[in-house]
Amino acid sequence: MITPTPIPTIGRIVLYQRHGSPNGQHKSEPSPAIITGVGATTDSGVNVDLFVINPNGLYFNHGTPYDPEGGPGTWRWPSRV
């Protein structure tokens, strides 16, 4: 059975893929994030505003694009277990 992709709504928890550092000292890793706003739908998905819970602090990220593969600077749904 194929599970349909959820619709992003305010308050849902997702993963934000951090950029990492250009010199490779810090890897691009996921951080949990809460959707605070839902933007426009694009060909690749829905852009959202996020409250990101990062090990080095908390921050807001506006207009984050969706990428199911988890490219740097994007959001995706957590894996279902």
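Residues numbered from 1 in each chain as written. Predicted model: local features only at pLDDT ≥ 70, side-chain atom pairs only at ≥ 80, totals over all residues. Heavy atoms only, no water.

1. Re the packing of aromatic side chains
Then, number 1: Inspection of the entire model under this criterion finds four aromatic pairs.
Then, number 2: Ring geometry for Phe-51 and Phe-60: centres 5.2 Å apart, planes at 50 degrees, overall tilted.
Then, number 3: Judged by relative accessible area, which is 22%, Phe-51 ranks as partly exposed.
Then, number 4: Relative to Trp-77, the ring of Trp-75 has its centre 5.2 Å away and its plane inclined at 80 degrees; by these criteria the two rings are edge-to-face. (Phe/Tyr/Trp six-rings, centres within 6.5 Å; stacked < 30°, edge-to-face > 60°. Buried < 20%, exposed > 50% of the residue type's maximum accessible area, 1.4 Å probe, protein only.)

2. Focus on the environment of Gly-20
Then, number 1: Residue position: Gly-20 is located in the loop between β1 (13-17) and β2 (30-42).
Then, number 2: Among the residues examined, Gly-20 registers a relative accessible area of 34% and is labelled partly exposed.
Then, number 3: Expressed as a C-alpha distance, the spacing of Gly-20 and Val-38, which sit 18 residues apart in the sequence, is 25 Å.
Then, number 4: With near-sequence residues (within four places) excluded, Gly-20 lies in contact with His-26, Lys-27 and Ser-28. (Helix = DSSP H or I, 4+ residues; strand = E, 2+ residues; numbered from the N terminus. Contact = heavy atoms within 4.5 Å.)

3. So, the side chain of Arg-76
Then, number 1: Within the secondary structure layout, Arg-76 lies in strand β5 (residues 75-76).
Then, number 2: Within the structure, the side chain of Arg-76 is placed 2.8 Å from the side chain of Gln-17, a separation counted as a polar contact.
Then, number 3: The contacts of Arg-76, once residues within four sequence positions are left out, are Val-14, Leu-15, Gln-17, Pro-30, Tyr-66, Asp-67, Pro-68 and Gly-70. (Polar contact = N/O pair within 3.5 Å; in protein donor to acceptor, adjacent residues only side chain to side chain.)

4. Describing the nonpolar core
Then, number 1: With 11 residues, the main nonpolar core is built from Val-14, Tyr-16, Ala-33, Ile-35, Val-46, Val-48, Leu-50, Val-52, Tyr-66, Trp-75 and Trp-77.
Then, number 2: Contributing elements (two or more residues each) for this core: β1, β2 and β3 (45-54).
Then, number 3: The element contributing the most residues to this core is β3, with four residues.
Then, number 4: Non-local contacts of Tyr-16, meaning those with residues more than four positions away in its chain, are made with Glu-29, Pro-30, Ser-31, Ala-33, Leu-50, Val-52, Tyr-59, Asn-61, Thr-64, Gly-73, Thr-74 and Trp-75. (Core = buried A, V, L, I, M, F, W, Y, C linked by side-chain atoms within 4.5 Å.)

5. Structural notes on the confidence of the model for the protein chain
Then, number 1: The predicted model of the protein chain has a mean per-residue pLDDT of 90, with 96% of residues at 70 or higher.
Then, number 2: Of all helices and strands in the protein chain, the one with the weakest mean pLDDT is β2 (93), whereas β1 scores best (97). (pLDDT = per-residue confidence, 0-100.)

6. Focus on the pairing of strand β4 (residues 57-64)
Then, number 1: Bridge analysis of β3 against β4 gives six bridges, and the strand direction is antiparallel. Note that in β4 the partner of Val-52 across the bridge is Tyr-59.
Then, number 2: Where β3 hands over to β4, the hairpin turn is made up of two residues, counted between the paired strands. (Pairing = 2+ DSSP bridges.)

7. Here we look at the sheet that holds β3
Then, number 1: Strands sit in the order β4-β3-β2-β1-β5 across an open sheet of five strands; the sheet is antiparallel. Of all strands in the sheet, those with a lone pairing partner are β4 and β5, marking the two edges.

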